[in-house]
Amino acid sequence: MTNQSKNPDEQQERIGVYVCHCGSNISATVDVEDVAVWAKAALGDDGVVVSRDYKFMCSSLGQELIERDIENEKLTRVVVAACSPHLHEQTFRGACNRSGLNPYLCELVSIREQVSWVHTDKAAATAKAKAVIAGGVERVIENEPLEPLHVPIHPDTLVVGGGIAGIQAALEIADSGNKVYLVEREPSIGGHMAQFDKTFPTLDCAACILTPKMVTAGSHPNIELLTWSEVERVDGYVGNFTVTIKEKPRYVDTELCTGCGICWEKCPKKVIDDVFEAGLGYRKAVYTPFAQAVPKYPVIDTESCTYFQNGKCRACEKLCPTNAIDFNQKETRRVVTVGNIILATGFDLFDARRIPQYGYGRLANVFTSLEFERMCNAAGPTNGEIVLRDGVSKPQSVAIVHCVGSRDRHYNNYCSVICCMSSLKFAHLVKERTGAKVYNFYIDMRTAYKEYDEFYQRLLEEGTLFVRGRVAEVTDAARLPGEEGKLIVQAEDTLAGRQRRVPVDMVILAAGLEPRADSSQVAKTFGISCSANGWFIEKHPKLDPVATMTEGIFIAGVAQGPKDIPTSVAQGAAAAARVLGRIGRGEIELEPVRATVDARKCSGCRICNNLCPFNAIIFHEDLMVTEINHALCQGCGTCVAACPAGAISGSGFSNEQILSQIEGMMRFSRPNLVEMAMA
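Everything numeric in this text was worked out from a predicted model, so none of it was measured.

## Topic: the sheet that holds strand β10 (residues 223-227)
With parallel pairing, the five strands of this open sheet are ordered in space as β10-β7-β6-β18-β29. Two strands close off the open sheet at either side, each with one partner strand: β10 and β29 (553-555). In this sheet, adjacent strand axes meet at a mean angle of 20° when their direction is disregarded. Pairing geometry for strand β6 (residues 157-160) and strand β7 (residues 180-184), over four bridges, is parallel.

Now the structure itself:
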């Protein structure tokens, strides 16, 4: 790599300008050929010696064009007018680097997102594109050669969340011979998938698919399971994170416990299980969430345990054959060092009580989708029998309501992805096990993936009735003959063009997916961001859906947004692949666009200290000076803007670069171009 530097005494910079058509994305609104001709003519005095346009500048041929010009025309600077730097800045920097030009002497200006996509007037868009390119040329003259930062990568990895995405990620990394800490806040790994009966569209048993992976993860020599635990604090930076994990007391000594089950069999205190059984079943005060739980060790729920409430009972302690019950256990902290972190924290189910007109929590035989999953499960509270709330009666007619809490501007605008297929699965199970008449009330049928639409066609053949239209109300107020003792679903039938009242025995609400209630707090802990809806934000929605803007932090599964099981598994594996690539290299190359403090100017005011969103700022009390950790810094510029003494500067975004870019744009703004044309 050849480092090129700027010196006023040296000859003028030789600049190449390259304008991309982007197919027709840019050229449909901007006269690209005219812009390329203009750049050489109008900006020649600034050092532009080459100006070209090309259909797809990011293609291999477009990159080769730039590389040849750097070598043949002895270019010292390059300006590419194309799409957002977020998309292809690395592409064009790579082309420059291959030809011996420092990649940071390449400037990418956006004339797609900032010009062609926001204008309809071709003359105005063309004039604006010229001004933007002029600004880029003035800025690139002020650019300085930079060298990337190199950070070593610790080989251990932290995976947060023990659902199917987290398990898959952990196994992929562990199978490569690297250590994984798998943290789960519940007593067992498995997540929501462990609660399901069957999976669509193949109707495989969820437990049959999941539990072998759970057992493998629990017994893997390279995976350390930390269940009943939560991440409390994250310090450090990519390659060297220091993570504090809070381990809640189980009140069971796992070194002594054999998982025999005597403690929960003999425990006299029974409580409603609002978590795993969704309120349909019971568990004991000492319990494992389900029979196939991994690890097999129980926990004691202090809020329901008689001993913790009044100091009596202790039946589990007296009857445990290995003396594993330990009421004196305390909360502990564990500190681990890892190089990368994968967040797979999952989702919460939309609370159907928030839509009171659907009657959940008020009308006995209105069930949520999760309640129905547990009811269908052979290991569930009804042993797989589909019954009404009385626990005996089987429904003769069932209504399934799609999109409860999804695609609704009052709650969540987004589609929850799985609701249509889950509802079709429910319809099949009801038909199979009860023979009841089934109505599916849907807005649009979304069966987009492999064998999904075939499953929908199968349901049509089975005789499931489909009503297209949003349900307005579920009520027990009978108005017509045959409605007495029934639940009446009032809905719009958009295909028939009329309102319908459908009396049924049972209503199943296909509740949507929501971010975890503490997602914003978790995001803050790990230094990443959430969208307006609360999902973790990826680095790029198409090209980098598993990385985040914080280096070393990856996301997988529904924590990133609604998705089904296969997609969650694929994303968990993808995040693991990204981590393994870094571990294999042993170090990571970081962008050198970072903030730096001039200690001579720093007054120690500490205004910047609490503003950094990446916790990259350190204050030295003894010297009363601020320092920035370049491995943590993401070059956002918050501290640069906040410093009253001007002691902080951002490499790649100096005052000279910004002001020269503004000056270039102003010099060739549209009014000036009009005046030039008139002259």
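## Notes on the nonpolar core
Counting 60 residues, the largest nonpolar core has Leu-158, Val-231, Val-243, Ile-341, Ile-342, Leu-343 and Phe-526 as the members making the most contacts within it. Counting residues per element, this core draws most heavily on helix α5 (residues 164-175), at eight residues. Dropping the residues within four chain positions of it, Phe-526 is found in contact with Leu-158, Val-160, Val-231, Val-234, Ile-341, Leu-343, Thr-550 and Ile-553. By size, the runner-up hydrophobic cluster in this structure holds 44 residues, among which are Val-17, Val-50, Met-57 and Leu-65.

## Looking at the sheet that holds strand β17 (residues 332-338)
Reading across the sheet, the three strands line up as β11-β12-β17 and stay open at both edges, with antiparallel pairing between neighbours. The sheet is open, and its two borders are formed by β11 (229-237) and β17, each paired with just one other strand. If you compare each strand with its neighbour and ignore which way they point, the axes differ by 20° on average. In this structure, β11 lies alongside strand β12 (residues 240-247), joined through eight bridges in antiparallel fashion. Across the sheet, the residue bridging to Val-231 is Ile-245, located in β12.

## Brief notes about the packing of aromatic side chains
Counting across every chain of the model gives 14 aromatic pairs. On the numbers, 5.2 Å between centres and 90° between planes, the contact of Trp-38 with Phe-668 is edge-to-face. Within this pair, whereas Trp-38 is found in helix α1 (residues 32-42), its partner Phe-668 is found in the loop between α16 (655-667) and α17 (670-678), the two being separated by 630 residues in sequence. Residue Trp-38 shares its accessibility class with Phe-668, and that shared class is buried. Against the face of Phe-653 rests Arg-139, its NZ or CZ located 4.7 Å from the ring centre.

## Observations concerning the environment of His-119
Relative to the helices and strands, His-119 resides in the loop between β4 (106-110) and α4 (122-142). Sequence spacing of His-119 and Val-30 is 89 residues, and the spatial spacing of their C-alpha atoms is 9.2 Å. With sequence-adjacent residues up to four places away left out, His-119 is seen in contact with Thr-29, Gln-114, Ala-125 and Lys-128. There is a polar contact of 3.3 Å between the side chain of His-119 and the side chain of Lys-128.

## Considerations on unusual backbone geometry
Leaving glycine aside, a negative phi is the common case for residues, and trans is the common case for peptide bonds. Following Phe-200, the chain continues into Pro-201 via a peptide bond in cis, with omega recorded as -5°. For Pro-201, the position within the fold is in the loop between β8 (198-199) and β9 (204-205). Note that the residue after Val-294, namely Pro-295, is joined by a cis bond; omega there is 0°. With a phi close to 60°, Leu-203 is a non-glycine residue in the positive phi region. With respect to the helices and strands, Leu-203 occurs in the loop between β8 and β9.

## Focus: the pattern of salt bridges
Counted by the stated rule, this structure contains 41 salt bridges. Ionic pairing is found between Arg-354 and Glu-514, a salt bridge with its closest N-O pair at 2.9 Å. In this pair, Arg-354 sits in the loop between β19 (347-349) and β20 (366-368) while Glu-514 sits in strand β28 (residues 513-515), placing the two residues 160 residues apart along the sequence. Look at Arg-354 and you get partly exposed, because its relative accessible area is 38%. A residue is classified by how much of its surface remains accessible, and Glu-514, at 14% relative accessible area, is buried. Overlapping salt bridges bring together Arg-185, Glu-230, Lys-248 and Asp-518 as one network.

Definitions and cut-offs
Residues numbered from 1 in each chain as written. Predicted model: local features only at pLDDT ≥ 70, side-chain atom pairs only at ≥ 80, totals over all residues. Heavy atoms only, no water. Pairing = 2+ DSSP bridges. Helix = DSSP H or I, 4+ residues; strand = E, 2+ residues; numbered from the N terminus. Axes fitted to C-alpha atoms, helices over the stretch in contact; angles between N-to-C directions. Core = buried A, V, L, I, M, F, W, Y, C linked by side-chain atoms within 4.5 Å. Buried < 20%, exposed > 50% of the residue type's maximum accessible area, 1.4 Å probe, protein only. Contact = heavy atoms within 4.5 Å. Phe/Tyr/Trp six-rings, centres within 6.5 Å; stacked < 30°, edge-to-face > 60°. Lys NZ or Arg CZ within 6 Å of the ring centre and 35° of its normal. Polar contact = N/O pair within 3.5 Å; in protein donor to acceptor, adjacent residues only side chain to side chain. Salt bridge = Lys/Arg side-chain N within 4 Å of Asp/Glu carboxyl O.

Worth remembering: the numbers are spatial, not functional.
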